[in-house]
Amino acid sequence: MKQPMRVLISGASIAGPALAYWLHRYGFEVTVVERAPSLRPGGYAVDIRGAAISVLERMGILDDVRSLDTHMTGVYFVNDKGKIKGKISEASMGNQQGMDIEIMRENLSNILFDLTKDKVTYIWGDSITSIHESMSGVEVQYTNGKPDTFDLIIGADGIHSNVRTLKFGDEDQFKRTLGCYISIFEFENYLNLDHSQMLYTVPGKTVGMYSANDKKEAKGMLVFQSEPLKYDRYNTEEQKNLIKNAFEELNGWETPNLLQKLINASDFYFDEICQIHMPTWSDGRIALVGDAAYCPSPLSGQGTSLALVGAYVLAGELKAANGDYKRSFITYENVMKNFVEKNQKIGLLTAGGMIEKSNFKILLRNAMLRFPILMNGMFKMITRMIAKAANEIELKDY
Ligand SMILES: Cc1cc2nc3c(=O)[nH]c(=O)nc-3n(C[C@H](O)[C@H](O)[C@H](O)COP(=O)(O)OP(=O)(O)OC[C@H]3O[C@@H](n4cnc5c(N)ncnc54)[C@H](O)[C@@H]3O)c2cc1C
């Protein structure tokens, strides 16, 4: 009897468990290695749209995911005293057909993990340190575990992908920075926000607060424009200091309180707002999926949809090629390329919306917010563009 192909996936957030699900369903033997000691909590809400909704349906988890929709009602823009200067309702931000889903990232990650935990081997708190390819397989070494050999290695390990660095080299050659940094952290919902988001903007900085789900907790968001910063990605204290430095002179609205909450925040996410562009997503027995290969930026709202669709297509093409992984990696790229490009373009468009560059632009935005017809018209146009990009792929039945 033919042995199943052994696949090692690096990263257990969204793309990793989604890919693991499909590969297991198609008869592959799957191991997932995650650097964190357990499934990582944290992050804001993520959007799922278009083709990615069909993927969830095909996985049989659409109802579970939909049941955890954040049901946000809208975004309120406040001034430095906390006075509301305008509101954008959820209806005018899109989702007119009620089809799109917004879910907290950690809730989606939990659902995908639950779906796969009994079918796939998960290794926690470890990381690949070297990859050695031969004609018959790939030998990997881990930081902690014993070396092992697989048929294929897939990097689903995010913007700063370890597999990408090991196989394709330094990330700077693939990274397009969008000039900002974002931090998200959790604390008690002391403003009693009810399924809504508050945003306070000054030139080059945005302070946000958001509460959904059960209203007990809120998420704080601090976004700031900056020249590229050098810091240790695993040193959260250093990252918190960078944020403190960026915001310490800003006293408006809840900024000082959020900086105070930041100090003790355990659920803390910090990253650069950037995109990943690569000439190819595979080499030999190694391929990449999700943010590792084609991150459209954390502010785009499209990263999760790209990851879910990418996992579906990659697994499907591996099944269809019946062991010819080289062929499947080529078709995976051919099928995904246009979809990725269209969504990365949307990523550039939407990223600009989170940071206002001048006081004039903030005044202009606040003035426009007083004319809902104007705002609704603009948002409907953007929504149509996003919806088009989210559906820019025809999913095959594998
Ligand atoms: C904690 C967290 C919070 C996030 N918050 C937001 C948010 O608020 N808004 C937003 O739009 N996007 C957020 N993202 C990114 C979002 O999840 C992705 O853009 C999108 O869902 C695509 O997912 P992905 O699985 O490709 O990458 P990611 O979600 O980034 O997942 C990558 C996974 O790989 C793991 N990993 C990294 N290095 C290694 C290694 N050396 N070995 C093994 N595993 C490794 C990471 O720990 C992580 O679990 C967040 C990601 C994380 C991890």
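Owing to the predicted nature of the structure, the values given are computational and were not obtained by experimental measurement. The residue numbers shown here count from 1 along each chain, following its written sequence. Residues qualify for local features only when their pLDDT is at least 70, as the model is predicted, and side-chain atom pairs are given and counted only at 80 or more; totals for whole chains, interfaces and linings, by contrast, use all residues. The basis for the side-chain values is all heavy atoms of the structure; hydrogens and waters are excluded.

(A) Up close: the overall build of the protein chain. For helices the rule is a DSSP run of H or I covering at least 4 residues; for strands it is a run of E covering at least 2, with both sets numbered from the N terminus onward. Broken down by element type, the protein chain carries 12 helices and 18 strands. Once the C-alpha set of the protein chain is aligned to its principal axes, its extents read approximately 70 × 45 × 35 Å. By the burial criterion, 54% of the 398 residues in the protein chain qualify as buried. A contact between two residues is defined here by any heavy atoms of the two lying within 4.5 Å. Across the protein chain, contacts joining residues at least 24 apart in sequence account for 73% of those joining residues at least 6 apart. Here the accessible surface of atoms and residues is derived via Shrake-Rupley with a 1.4 Å probe, and residues count as covered only by protein chains that are part of the display. Carbon and sulfur atoms form 51% of the exposed surface of the protein chain, whose accessible area is close to 17900 Å². Of the side chains in the protein chain, 44 bear a positive and 48 a negative charge, and the two mean positions are spaced by 5 Å. Only protein chains enter the area calculation, which uses a 1.4 Å probe; residues under 20% of their type maximum are buried, those over 50% are exposed, and those in between are partly exposed. The positive count covers Lys and Arg only, the negative count covers Asp and Glu only, and His and the chain ends enter neither. Think of each charge as sitting on NZ of Lys, CZ of Arg, CG of Asp or CD of Glu.

(B) Highlighting the sheet that holds strand β2 (residues 29-34). When DSSP finds at least two bridges between two strands, those strands are taken to pair. Spatial strand order, β7-β2-β1-β11-β18-β17: 6 strands in an open sheet with mixed pairing. With partners counted over all chains shown, the strands left at the sheet margins are β7 (121-124) and β17 (282-283), one partner each. Here 3 bridges tie strand β11 (residues 152-155) to strand β18 (residues 286-288), and the two strands are oriented parallel to one another. Bridge assignment links I154 to a residue of β18, and that residue is A287. Lying on the sheet, helix α1 (residues 15-25) is in contact with β1 (6-10), β2, β7 and β11; it crosses β1 at an angle near 165 degrees. Between N-to-C directions, angles cover 0 to 180 degrees, with each direction set by a line fitted to C-alpha atoms, over the stretch in contact for helices.

(C) Molecular detail of helix α2 (residues 51-59). Along α2, the residues classified as buried are A51, A52, I53, V55, L56 and M59. Once α2 finishes, G60 follows within two positions and takes phi at roughly 80 degrees, a positive value.

(D) Layout of the site of the ligand. By convention in these notes, a residue is near a molecule or strand provided one of its non-hydrogen atoms lies within 4 Å of it. Among the 30 residues in the neighbourhood of the ligand, the closest are listed as S13, E34, Y44, D291 and P298. A 3.5 Å cut-off defines polar contacts: any pair of N or O atoms within that distance qualifies, except that in protein one atom must be a possible hydrogen donor and the other a possible acceptor, and neighbouring residues in sequence count only when both atoms are side-chain atoms. S13 is positioned such that a nitrogen or oxygen atom in its side chain is 2.6 Å from an oxygen atom of the ligand. Contact between the ligand and Y44: an oxygen atom at 2.6 Å from a main-chain N or O atom of the residue. Taken by itself the ligand offers 910 Å² of open surface, and the protein chains cover 93% of this. If you list the elements that add at least two residues to the shell around the ligand, you get β2 and α9 (303-320).

(E) Local environment of the packing of α1 against α9. At a closest axis distance of 8 Å, the pairing of α1 and α9 adopts a crossing angle of 30 degrees. Relative to α9, α1 is oriented roughly parallel. Taken as a pair, α1 and α9 cross one another with a handedness that is right-handed. Together, A15, A18, L19, W22 and L23 of α1 and A307, L308, A311, Y312, L314, A315 and L318 of α9 make up the contact between the two elements. Here the residues of the contact of α1 with α9 sort into 12 nonpolar, no polar and no charged. We call two directions roughly parallel when the angle between them is under 35 degrees, roughly antiparallel when it is over 145, roughly perpendicular when it lies between 65 and 115, and oblique otherwise. In this scheme the handedness of a crossing depends on how the near helix is turned from the far one: anticlockwise by less than a right angle means left-handed, clockwise means right-handed. Throughout, the ten residues Ala, Val, Leu, Ile, Met, Phe, Trp, Tyr, Cys and Pro are labelled nonpolar, Asp, Glu, Lys and Arg are labelled charged, and all others, Gly among them, are labelled polar.

(F) Quick peek at the side chain of S109. By the secondary structure assignment, S109 is in helix α4 (residues 105-116). Residue classification places S109 among the buried residues on the basis of a relative accessible area of 1%. Reaching out from S109, the side chain makes a polar contact with the backbone oxygen of S13 at a distance of 2.9 Å. The residues touching S109, leaving out its near neighbours within four places in the chain, are A12, S13, I14 and L39.

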